[in-house]
Amino acid sequence: MSNKRKTVAVHAGSQMSSKAQPVVPAIHVSAVSYFDNSDELDAALDGKDYVYSRIAAPNAALLEEAVAAMEGTEACVAYASGMAALRAVFDAQNLKAGDVVVMPADGYGVTRSLFKNLAARTGARIEALILSDASAPERIVALRPKLVMAESVTNPLLRVPDLRALSRACREVGAALAVDGTFPSPYGQRACELGADYAIQSTTKWLNGHSDALGGTVSGTREKLAALKAARLFNGDVLGPFEAWLTLRGVRTLPVRMKAHCEHAAHVAKRLSESSLIERVHYPGLPGHPDYQVATQVLEGGFGGMVAFDIRGAGRPDCFRFLEAVKLARAAPSLGDVCTLVMHAASASARRMTPEERQAAGIGESLIRVSVGLEDPDDIADDLIAAVAEAMKR
Ligand code: PLP
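Residues numbered from 1 in each chain as written. Predicted model: local features only at pLDDT ≥ 70, side-chain atom pairs only at ≥ 80, totals over all residues. Heavy atoms only, no water.

Before we move on, could you go through the overall build of the protein and cite the residues and values that matter?
Within the protein, the regular secondary structure consists of 15 helices and twelve strands. Here the C-alpha radius of gyration of the protein, 23 Å, is about what a compact globule of 394 residues would show, namely 21 Å. Here the C-alpha coordinates of the protein stretch approximately 80 × 50 × 35 Å along the principal axes. Per-residue burial over the protein gives 53% buried out of 394 residues. The contacts of the protein with a sequence gap of at least 6 include a subset with a gap of at least 24, amounting to 73%. As presented, the protein carries roughly 18,400 Å² of accessible surface, and 52% of it is formed by carbon and sulfur atoms. Each charge class in the protein was averaged separately, 43 positive and 45 negative side chains, and the resulting centres sit 4 Å apart. (Helix = DSSP H or I, 4+ residues; strand = E, 2+ residues; numbered from the N terminus. Rg over C-alpha atoms; globule rule 2.2 N^0.38 Å. Buried < 20%, exposed > 50% of the residue type's maximum accessible area, 1.4 Å probe, protein only. Contact = heavy atoms within 4.5 Å. Areas by Shrake-Rupley, 256 points an atom, 1.4 Å probe, with all protein chains shown as cover. Lys, Arg positive; Asp, Glu negative; His and termini not counted. Charge placed at Lys NZ, Arg CZ, Asp CG, Glu CD.)

Could you give an account of the sheet that holds strand β11 (residues 341–344), naming the residues involved and the relevant values?
Taking strand neighbours across the sheet as the criterion, the five strands line up as β8-β9-β12-β11-β10 in an open arrangement whose pairing is mixed. Lying at the two open borders of the sheet, with one neighbouring strand each, are β8 (278–282) and β10 (330–331). Packed onto the sheet, helix α11 (residues 254–273) meets β8 and β9 (306–311) and runs at close to 15° relative to β9. Sheet strands in contact with helix α13 (residues 316–325) are β9, β10, β11 and β12 (367–371), and its direction is about 165° off that of β11. (Pairing = 2+ DSSP bridges. Axes fitted to C-alpha atoms, helices over the stretch in contact; angles between N-to-C directions.)

Can you lay out a negative patch on the surface for me, pointing to particular residues and giving the numbers?
Among the surface-exposed residues, Asp36, Asp39, Glu40, Asp42, Asp46 and Asp49 lie close enough to one another that they form a single negatively charged patch. Checked against the element boundaries, aspartate 36 lands in the loop between α1 (5–11) and α2 (38–45). In this structure aspartate 36 comes out as exposed when scored by relative accessible area, which is 78%. (Patch = residues over 30% accessible without salt bridge, like charges linked within 9 Å, V, L, I, M, F, W, Y side chains within 5 Å. Salt bridge = Lys/Arg side-chain N within 4 Å of Asp/Glu carboxyl O.)

Give me the lowdown on the site of the ligand, citing residues and values where you can.
If you check the shell around the ligand, you find Ser81, Gly82, Met83, Leu86, Tyr108, Asn155, Asp180, Thr182, Ser202, Thr204, Lys205 and Gly215 and nothing else. The separation between an oxygen atom of the ligand and a polar side-chain atom of serine 202 is 2.8 Å. Here lysine 205 contributes a side-chain N or O atom positioned 2.9 Å from an oxygen atom of the ligand. Protein contact buries 91% of the 390 Å² of open area that the ligand shows by itself. Considering every element that reaches the shell around the ligand, the biggest residue donor is helix α4 (residues 82–91), with three residues. Looking at the shell around the ligand residue by residue, the classes come out as three nonpolar, seven polar and two charged. (Near = heavy atom within 4 Å. Polar contact = N/O pair within 3.5 Å; in protein donor to acceptor, adjacent residues only side chain to side chain. Nonpolar A, V, L, I, M, F, W, Y, C, P; charged D, E, K, R; others polar.)

So what about the nonpolar core? Which residues, and what values?
Ranked by size, the top nonpolar core spans 58 residues in total, and within it Val102, Leu131, Ile140, Val148, Leu166, Leu177 and Ile363 carry the most contacts. Formed jointly, this core draws a minimum of three residues from each of two domains, domain 1 (38–92 + 139–153 + 162–251) and domain 2 (254–391). Apart from the residues within four sequence positions on either side, valine 102 is in contact with Glu127, Leu129, Leu131, Ile140, Leu143, Pro145, Leu147, Val148 and Met149. Leu272, Phe322, Val372 and Met392 belong to the second-largest nonpolar core, a separate cluster that totals 29 residues. (Core = buried A, V, L, I, M, F, W, Y, C linked by side-chain atoms within 4.5 Å. Domains from an automatic or database assignment.)

Tell me what's going on with the sheet that holds strand β5 (residues 176–180), and back it up with residues and numbers.
Sheets are built from strands that pair by backbone hydrogen bonding, the pairs being arranged parallel or antiparallel. Taken together, seven strands build an open sheet; the order of strands is β1-β7-β6-β5-β4-β2-β3 and the sheet is mixed. Each end of this open sheet is capped by a strand with a single partner; those strands are β1 (75–79) and β3 (125–129). Each strand axis lies, on average, 20° off the axis of its neighbour in the sheet, ignoring direction. Here strand β2 (residues 100–104) runs beside β3; their pairing, made up of five bridges, is parallel. Its bridge partner lying in β3, proline 104 is registered against leucine 129. Helix α3 (residues 58–71) rests against β1, β6 (198–202) and β7 (216–220) of the sheet, and its axis sits at about 125° to β1.

Quick one: what's the story with the domain arrangement of the protein, residue by residue and with numbers?
Under the domain assignment, the protein is made up of domain 1 (38–92 + 139–153 + 162–251) and domain 2 (254–391). The C-alpha centroid of domain 2 is placed 27 Å from the C-alpha centroid of domain 1. Listed per partner, the contact involves 24 residues of domain 1 and 23 residues of domain 2. Summed over both sides, the interface of domain 1 with domain 2 buries roughly 2,000 Å², with 63% coming from carbon and sulfur. Summed over the three residues of domain 1 that lose the most area to domain 2, namely Phe183, Tyr187 and Trp206, the buried surface amounts to 41% of that side. (Buried area = accessible area lost by both parts, 1.4 Å probe.)

Next comes the structure, spelled out in structure tokens:
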């Protein structure tokens, strides 16, 4: 190499040779790679090696391998966010005017808005059902949809649809079944083993576990995911190397974190249900929950780290005071962190639903959603109950 400063500045120190295998994967920030051999470059442009990170990228690929293994599927495609993953599944169905898409009436409000928008563009029709209702499989058969987009467990009311029954109904009418399994994470549920075609995660939540990276994944068979992978190349909604790296680090501790989150949530749910200030506790592990029986069949390793509750007699201003009164928990509109997060459902996760949609879903103004953290579970319960008392002093 020439020793002229301009050339040295650009090329010196750009290669490392070592036989050492790092215990932790390196973060590959290079958006593009070069090859000395043109045939190898040519093959890489067909996806056989890493050449341009919109086609394939090492950190995203490692995360995809890990999430596919956790979901028990052949393959996984990673995206820049959970919403991008949900959109990719919708787009891959190539819906035409008149096609029907079934989605939860009581699921994440942003997914509802996204699908309404996408359906309006294609002329497809959205049918919103409470998919945990026993009549849902029958309704699916009658509607003959092209896609059923389920949420298991639902955000924010923690309803648990019977995925096996939904899958049978979908098979009967040739519908694809996609399941947003963000709430239980692949620790708590492997949707494809219960009959789903696509298992979707917002990895922003439990998989990452520390609220420091957005991301999303779709898992399934190689055949089903081929169209999504091809579309991602053009859409460019790829997961960046830092986000993929942080998320993979989160995956390493997912089982141990989730075991503790589940235990803590069960304890907090019990404590809340003993308080006269709380009208109703929503937790699928409580025997009084409407889907308790189904939950024991479709959830593994516990009933999840999410709890929701209605404050007796509360309106929105009371709930806002509650959010300001918590001392340990943080009022933050996300979930899956090591620390406890609380949120007023109607003004956050269900914010983009119409008041009629919220009412049909059963999401009232008094509903608080809790992502139960790894703090001492009695400290968490004490904090929530004290904040409710403070908010309701008036
Ligand atoms: N699915 C569920 C159930 C969610 O709760 C969220 C976000 O809160 C998403 C999908 C969207 O994920 P992201 O924020 O990573 O786009």
